Amino acid sequence: PLRTMSGDAAKKKAKRLSEVKNFFLKVLGVVYGLYVLLQYVMYWNEVTRYTVLGTVWFSLVHGGCFLSILNAIQTAHGDKKTYESWEDLLYVNIAVQILSIFTLWAKYIYLVVPGYLIYTFYGSRRPAAVPNNTPAELTARQKKKLEKAKRKSSRIKYAR
């Protein structure tokens, strides 16, 4: 059954949504301002259709990540931060966008994303470290203590 949220929780969620929305709008505004100024104004003679397609790509990824972050906040339960993956992808995209002004090799940073996905997928499914079952050499004191514990556990205990 769905529960209704108390007024305070709804206010906290709305406040968090507003804070995150304002933060990312400011960050993206600065990034696009720099990108347009440097890519389309200063390096205008190097602008090709691939530059325009790159701008469209950046806009689509930024928009998708931004909307997914806002959706995650709206549907989150409690104070858990449930949008880390989208936020990471957004930061990678911002880094690629800024670096792509200066070099075409910046697009290779996108290879971090599948590497991160593989790491999280296999890292969470990796079995825990299996202890080595071979007994280590015990010192004389440890052997004596172990024998004493065995003798004590083998005694017959009488209940009263």
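Just above sits the structure.
For clarity, every value in this text was computed on a predicted model and none was experimentally measured. (Residues numbered from 1 in each chain as written. Predicted model: local features only at pLDDT ≥ 70, side-chain atom pairs only at ≥ 80, totals over all residues. Heavy atoms only, no water.)

Draft legend 1. Up close: the nonpolar core. If you look at the biggest cluster of nonpolar residues, it comprises 15 residues, and the most contacted ones within it are Val20, Phe24, Ile69, Ile73, Tyr83, Leu90 and Ile94. By size, the runner-up hydrophobic cluster in this structure holds seven residues, among which are Leu38, Val92, Val96 and Tyr110. (Core = buried A, V, L, I, M, F, W, Y, C linked by side-chain atoms within 4.5 Å. Buried < 20%, exposed > 50% of the residue type's maximum accessible area, 1.4 Å probe, protein only.)

Draft legend 2. Region of the structure containing helix α3 (residues 84–99). Its 16 residues place the ends of α3 22 Å apart at the C-alpha level, agreeing with the 22 Å of an ideal helix rising 1.5 Å per residue. Those residues of α3 lying buried are Glu87, Leu90, Val92, Asn93, Ile94, Val96 and Gln97. (Helix = DSSP H or I, 4+ residues; strand = E, 2+ residues; numbered from the N terminus. Expected span 1.5 Å × (residues − 1).)

Draft legend 3. Representation of the packing of helix α2 (residues 49–75) against α3. Where α2 meets α3, the closest approach of the two axes is 9 Å, and the angle between their N-to-C directions is 155 degrees. One finds that α2 runs roughly antiparallel with respect to α3. With respect to the hand of their crossing, α2 and α3 are arranged in left-handed fashion. Every residue of α3 that contacts α2 at Trp57, Phe58, Val61, His62, Cys65, Ser68 and Ile69 is listed here: Trp86, Glu87, Leu89, Leu90, Asn93, Ile94, Val96 and Gln97. Residues of the contact of α2 with α3, tallied by class, amount to 10 nonpolar, four polar and one charged. (Axes fitted to C-alpha atoms, helices over the stretch in contact; angles between N-to-C directions. Parallel < 35°, antiparallel > 145°, perpendicular 65-115°, else oblique. Left-handed = near helix turned anticlockwise from the far one by under 90°. Contact = heavy atoms within 4.5 Å. Nonpolar A, V, L, I, M, F, W, Y, C, P; charged D, E, K, R; others polar.)

Draft legend 4. Broad picture of the side chain of Gln39. Mapping Gln39 onto the fold places it in helix α1 (residues 7–42). On the basis of relative accessibility, which here comes to 7%, the residue Gln39 falls in the buried class. Aside from chain neighbours lying at most four places away, what touches Gln39 is Leu34, Trp44, Val47, Thr51, Ser100 and Ile101.

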